[in-house]
Every structure is written in C-alpha cells, then in structure tokens.
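Each chain is listed here by its residues.
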Amino acid sequence: MNRYDELARQLVAAGKQLYDMQMVPATSGNFSARIDADELAITVSGRHKGRLTTDDIMRINLAGESLDGKKPSAETGLHTQIYRRCPDAQAVLHAHSLYATLISRTDRTSLELKNYELLKAFPGISTHDVSVTIPIFDNDQDITRLADVVDTYMENNEMCPVYLIRGHGFYTWGNSLDNTLNYIEALEFLFKCELTAEGVNTP
C-alpha cells in the first residue's frame, strides 16, 4: 500500500472516530494529511465525515490545486496555510465541536488555558504550570483573506497548534494524525472545563 492509500484509509477512520465523538455533525469539518513535501491528501467537498470512503479523499498540492480532478473542501486554503507555515505538520483536522463553537461565540479575541495538567498533551509542554493562549479569529467566507489573517498571526506569535474560528469550530495540527486526534480530544475537554467554570450549563 502506498502512502496516499494509507493516508486515505487513516482519514476515513478519523472521520468515523470524530463523528462518533460528535465533533463533525452533518457534513461539517475537513481533514488532511501530508503525503510528501509538495502534496496533501484531503477530504473532498461536502461529504458526511462519519460515512467517508477512500473515494472521498483526494490529492492536492500546497497551492490547493486538485491533482486528480476532484473538488476539495471550500476551506482548503486554511489547511495549505498551516502546511506552508509549519513544515513539520503532518496532519490538520478541523472540527465543529459543541464546546469549541460555544466558547468561540464571545467578544474575546483569544482564550487562555492555564494550570491544566492536560496541557501536557501538547508539544513542548511538560508541566501544568503554564499558560496557553488560543487565538479566536472572526469567521470569514473569504478563505484566502482568513488564511492571510491566520498566517500573519502565526508569523508574529508563538502558539499552541490550535486556533478557533468564531461560531465555527477549530483547527489543530500535529506531527502525526494520531497526535492530532489526541489534541482534538484534549481541547474539547478543556473547552468544556472553561465553559463550566464560566457558569455555562454544559451537557
């Protein structure tokens, strides 16, 4: 099995896992993984992530151009921005989870996570005694413009591999698909902790 075929299989499995975790309702969310320095495997546009097949995964280059005639997600530019900015990124996952969506719907421009043991799930963090700032970007249907806003922030700030989009969900990335799935699980727990601490009645 070549690398693309293996990544396609892994992305299909990730879709089922995240759907079962209620992270990608309906056709929301999109996933990608790096094939090599110049190519990515990514979910096609408009598919239910809990019912993906390998035919729902396609190849693109780092400019976001289709390499096999299929139509990529409308938010492909947010994936390619991460891969261009972060050469070590091997996977990017975008979830529309309940707690991420709720916590992004405030007036704040960032979320501070502080003194949580679970922050050690993220790269470079070895103690609970740390503060992590997660930026919250305003949603924008112009993906090129939004990707430029994200890229400018990443150029000028050290950050944990995650950002929120207001009323939309979050993007996270890592050096493997398994690690990136772990980040999603950790983040959703932390978002729920913060909402609960703020007095939001979470299920």
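Predicted, not measured: the structure shown is a model, and the values here were computed from it. (Residues numbered from 1 in each chain as written. Predicted model: local features only at pLDDT ≥ 70, side-chain atom pairs only at ≥ 80, totals over all residues. Heavy atoms only, no water.)

Student: Just to check I follow, could you spell out the pattern of salt bridges for this structure?
Tutor: Opposite charge on two side chains allows them to pair when their charged atoms are near. For the coordinates displayed, the defined rule picks out 9 salt bridges. Here E198 makes a salt bridge to R108, at a shortest N to O gap of 2.9 Å. Here E198, found in the segment after α5 (177-197), pairs with R108, found in the loop between α3 (98-104) and β5 (110-114); they are 90 residues apart in sequence, far enough to count as distant. Taking the shortest distance from any N to any O, the salt bridge between D138 and R166 comes out at 2.7 Å. Of the two residues, D138 is situated in the loop between β6 (131-137) and α4 (143-156) and R166 in the loop between β7 (162-165) and β8 (169-174); the sequence distance between them amounts to 28 residues. For D138, a relative accessible area of 52% puts it in the exposed group. What emerges from the salt-bridge pattern is a single network uniting R85, D151 and E155. (Salt bridge = Lys/Arg side-chain N within 4 Å of Asp/Glu carboxyl O. Helix = DSSP H or I, 4+ residues; strand = E, 2+ residues; numbered from the N terminus. Buried < 20%, exposed > 50% of the residue type's maximum accessible area, 1.4 Å probe, protein only.)

Student: Explanation requested: the packing of aromatic side chains in the structure shown.
Tutor: Aromatic ring pairs: the centre-centre distance and the angle between the two ring planes describe each pair. With the rule as written, the count across this model stands at 6 aromatic pairs. Between F137 and Y163, the aromatic rings sit 5.3 Å apart at their centres with planes inclined by 75°, giving edge-to-face as the arrangement. In this pair, F137 is assigned in strand β6 and Y163 in strand β7, connecting sequence segments 26 residues apart. Here Y163 and Y171 contribute two aromatic rings whose centre-to-centre distance is 5.4 Å and whose plane-to-plane angle is 20°, an arrangement assigned as stacked. Under the relative-accessibility criterion, Y171 is labelled buried at 0%. In textbook terms, an aromatic cluster arises when at least three aromatic residues are bridged by ring pairs, as seen for F137, Y153, Y163, Y171 and W173. (Phe/Tyr/Trp six-rings, centres within 6.5 Å; stacked < 30°, edge-to-face > 60°.)

Student: What exactly am I supposed to notice about the state of the cysteines here?
Tutor: Simply put, the disulfide is a covalent bond whose two ends are the sulfur atoms of two cysteines. A complete count under the given rule lists 0 disulfides for this structure. A disulfide-free cysteine, C160 has its sulfur positioned 12 Å from the sulfur of C86, the nearest such atom. Judged by relative accessible area, which is 10%, C160 ranks as buried. With no disulfide of its own, C193 has C160 as its nearest cysteine by sulfur position, at a separation of 15 Å. (Disulfide = S-S within 2.5 Å.)

Student: What am I meant to see in the environment of E65 here?
Tutor: If you trace the backbone, E65 turns up in the loop between β3 (57-61) and α2 (76-85). With sequence-adjacent residues up to four places away left out, E65 is seen in contact with R59 and I60. Here N61 takes part through its side chain, which lies 2.7 Å from a polar atom of the side chain of E65. (Contact = heavy atoms within 4.5 Å. Polar contact = N/O pair within 3.5 Å; in protein donor to acceptor, adjacent residues only side chain to side chain.)

Student: What is the right way to read the packing of helix α1 (residues 3-20) against α5 from this model?
Tutor: Describing two packed helices takes the angle between their axes plus the distance from one axis to the other. One can describe the packing of α1 onto α5 by two numbers: an axis separation of 11 Å at closest approach and a directional angle of 15°. Between α1 and α5, the interaxial angle falls into the category roughly parallel. You can see that α1 and α5 cross each other, and the crossing is right-handed. Facing Q10, L11, A14, Q17 and L18 of α1, the residues of α5 in contact are L177, L181 and I184. For the contact of α1 with α5, the class distribution of residues is 6 nonpolar, 2 polar and no charged. (Axes fitted to C-alpha atoms, helices over the stretch in contact; angles between N-to-C directions. Parallel < 35°, antiparallel > 145°, perpendicular 65-115°, else oblique. Left-handed = near helix turned anticlockwise from the far one by under 90°. Nonpolar A, V, L, I, M, F, W, Y, C, P; charged D, E, K, R; others polar.)

Student: Looking at this model, I keep getting lost on the pairing of β7. Mind explaining?
Tutor: On any regular strand, side chains alternate: one points to one face of the sheet, the next to the other face. Here β7 shows a buried face lined by V162 and L164 and a second buried face lined by Y163 and I165. The sheet contact formed by β6 and β7 spans 2 bridges and is parallel. Each residue of the ladder has a partner; that of I136, found in β7, is L164. The hairpin formed by β7 and β8 contains 3 residues between the paired strands, and G167 there has a positive phi angle of roughly 65°. (Pairing = 2+ DSSP bridges.)

Student: Sorry, what's going on with the environment of P123 here?
Tutor: Among the structural elements, P123 can be located in the loop between β5 and β6. Counting along the chain gives 37 residues from P123 to C160, while the straight-line C-alpha distance between them is 7.8 Å. Excluding residues that lie within four positions of it along the chain, P123 makes contacts with P161 and Y183.

Student: I keep staring at the packing of α2 against α4 and nothing clicks. Help me out?
Tutor: Remark: α2 packs on α4, axes separated minimally by 9 Å, with the N-to-C direction vectors making an angle of 25°. Taken together, the axes of α2 and α4 are roughly parallel relative to one another. Helix-helix and strand crossings are classified by hand; for α2 and α4 the assignment is right-handed. Two secondary-structure elements touch here, α2 through G77, L78, Q81 and R85 and α4 through I143, L146, A147, V150, D151, M154 and E155. A per-class count over the contact of α2 with α4 returns 6 nonpolar, 2 polar and 3 charged.

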